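Here is how the chains run, residue by residue.
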Protein chains: 2
Amino acid sequence: MRRIPEATIRRLTHYLRCIEFIKETGATILQSRELAAFCSISDSLVRRDLSYFGEFGTKGVGYSIDELEKHIKKILGIDRIKKVGLAGVGNIGSALLKFPLRRNGFHIVAAFDIKEELVGREINGIPIYHEKDIPRIFKEKGLEIGIIAVPQNVAGDVAEKMIEGGAKGILSFALLQCPLSRKIPVRYIEIAAELEILSYEIEKED
Amino acid sequence: MRRIPEATIRRLTHYLRCIEFIKETGATILQSRELAAFCSISDSLVRRDLSYFGEFGTKGVGYSIDELEKHIKKILGIDRIKKVGLAGVGNIGSALLKFPLRRNGFHIVAAFDIKEELVGREINGIPIYHEKDIPRIFKEKGLEIGIIAVPQNVAGDVAEKMIEGGAKGILSFALLQCPLSRKIPVRYIEIAAELEILSYEIEKED
DNA sequence: TCCTGTGAACAACTTCACAGCG
DNA sequence: CGCTGTGAAGTTGTTCACAGGA
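What this report covers is the structure whose coordinates are included nearby. (Residues numbered from 1 in each chain as written. Chains lettered and ligands numbered in written order. Predicted model: local features only at pLDDT ≥ 70, side-chain atom pairs only at ≥ 80, totals over all residues. Heavy atoms only, no water.)

Before going further, it helps to spend a moment on the relation of the copies chain B and chain A. Expressed as a screw operation, the relation of chain B to chain A combines 0.0 Å of axial shift with a rotation of 180°, fitting to an RMSD of 0.0 Å. Expressed as a symmetry operation, the mapping of one chain copy onto the other fits a two-fold axis. Interface residue correspondence from chain B to chain A reaches 100%, placing this contact among same-surface, isologous pairings. (Least-squares fit on C-alpha atoms with pLDDT ≥ 70 in both. Contact = heavy atoms within 4.5 Å.)

Our next topic: the interface of chain B and chain A. Between chain B and chain A, the contact holds 53 residues from the first and 53 residues from the second. Counting each side, the surface lost to burial between chain B and chain A is near 4,900 Å², with a carbon and sulfur contribution of 69%. The largest share of the area that chain B buries against chain A comes from L195, E196 and Y200 of chain B, three residues that together contribute 14% of it. Scanning the region where chain B abuts chain A turns up twelve salt bridges. Of the charged contacts in the structure, one is a salt bridge between R80 of chain A and E203 of chain B, with a shortest N-O distance of 3.4 Å. On the surface where chain B and chain A come into contact, there are 22 residue pairs in polar contact (both at pLDDT 80 or more). (Buried area = accessible area lost by both parts, 1.4 Å probe. Salt bridge = Lys/Arg side-chain N within 4 Å of Asp/Glu carboxyl O. Polar contact = N/O pair within 3.5 Å; in protein donor to acceptor, adjacent residues only side chain to side chain.)

Near DNA strand C you find 26 residues, and of these S42 and R48 of chain A together with S32, R48 and Y63 of chain B are the closest. Those atoms of DNA strand C that come within 4 Å of the protein belong to sugar or phosphate at a rate of 59%. At 2.8 Å, a side-chain N or O of S42 of chain A approaches a phosphate oxygen of DNA strand C. Contacts to DNA strand C include G57 of chain B, whose backbone N or O atom sits 2.9 Å from a phosphate oxygen. Looking at which element gives the most residues to the surface near DNA strand C, the answer is helix α3 (residues 43-51) of chain A, with four residues. Partitioned by chemical class, the residues of the surface near DNA strand C number six nonpolar, ten polar and ten charged. (Near = heavy atom within 4 Å. Helix = DSSP H or I, 4+ residues; strand = E, 2+ residues; numbered from the N terminus. Nonpolar A, V, L, I, M, F, W, Y, C, P; charged D, E, K, R; others polar.)

Let us look at helix α4 (residues 65-76) of chain B. Taking 1.5 Å per residue as the helical rise, α4 of chain B with its twelve residues ought to reach 16 Å, and the 16 Å between its terminal C-alpha atoms agrees with that figure. Listed in full, the buried residues belonging to α4 of chain B are I65, L68, E69, I72, I75 and L76 of chain B. What you see down the axis of α4 of chain B is that its buried residues fit within an arc of 130°, all on one side. In α4 of chain B, the exposed positions that point more than 90 degrees away from the buried face belong to K70 and K74 of chain B. Turning to α4 of chain B, the residues buried within the fold contact α8 (191-203) of chain A together with α1 (6-23), β1 (29-30), α2 (32-39), α3 (43-51) and β2 (63-64) of chain B. (Expected span 1.5 Å × (residues − 1). Buried < 20%, exposed > 50% of the residue type's maximum accessible area, 1.4 Å probe, protein only. Arc of directions from axis to C-beta.)

Turning next to the packing of aromatic side chains. All names here are of chain A. Counting across every chain of the model gives eight aromatic pairs over all chains. Note on F112 and Y129: the rings are 5.8 Å apart at their centroids and 35° apart in plane angle, and the pair reads as tilted. In this pair, F112 is assigned in strand β4 (residues 106-113) and Y129 in strand β6 (residues 126-130), connecting sequence segments 17 residues apart. Ring-pair connections join several aromatic residues into one group, and the members of that group are F112, Y129 and F138. (Phe/Tyr/Trp six-rings, centres within 6.5 Å; stacked < 30°, edge-to-face > 60°.)

This is the structure we're talking about:
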């Protein structure tokens, strides 16, 4: 199979959001043109994106919404729940603990912080452990994904502990400055960067 | 001037992060190769990115770190503080109110919520108003950017109120389903989508 | 000499346009 | 006929390779 553009994968997540929305209207068939309109892109791009993974549609008709949803979830690997561990129960961290990520197939099973007064407590039913126990708890509970919401200066250490515990991927709110000992996929959420890009778009004269 | 790739703008924000970091080491000159290594990209891409905006470097030497920082901030429009209004003082919203965005040139001046018990209070020195007052406060205080951290079903209404108040750009944590009355730049932070992309990267056999 | 800035080559991604199937 | 799936064309973004200035 050809290499898949990252942009295609990102759009797949948009398609999923649209499908969830459209499903509520009771529709069962969806055409590339309609899905494209929802996402403000061209219909041929929708077809191209889906065609990377097989032939899901029916010529002359469109795509079965249920089938399409199942296929996209399979492609994204969210056809089964993934267990997540979150480090850093500060502002962002505790907000995420209350966030309904489970709806999207991600289950935050354990949280970690360095503050003794937090260790042993629970937020939203999620137990908080000490950060030094990250490797052990990741292994014991079979956590696959780590979310990093700690200050930047310790983010690298936390990432290493997650990797030591067998994490397969990391989503980080802090820049990981040092190269990681073992290569696993890392994605960033950079609020400041998004605001800066927005600022550029505002200022540039079109 | 040629059209600038969005990827270039995103990298500009990375360059800024690197510069902030490198400045602390006391260096005053930076070469494209070094900056590229920090960002794990090619040196020619760094030079290409910068060349879109003029000739900042000195041949045979490199770039003055201070000059480069100033130029990039100018390009991104963050050479002056931008005032921000934030709607939705829930989990994510109140975390953002405590986040030091000011360091990056963004000043959250007002927050908004629909809950009467929050209205009139302050978080981190930022006053909370009722969401119905978004247009008035945006105008009165000259807010340029709106951050949306409200539930998805009211996100569209909130966006419209911000636009009515003269907002020039929006950063949203919720999908804005309806088309906006006036076209302004909108960027999204989609935590679920990032996790889904991460999931894909984990599952795919390389 | 060394590193920047940039045409030209190359690679990646998107759109076009239509064959082909239901 | 209508809509998908896909070669081919077109467009956009990145790398190469080197001219040219400090």
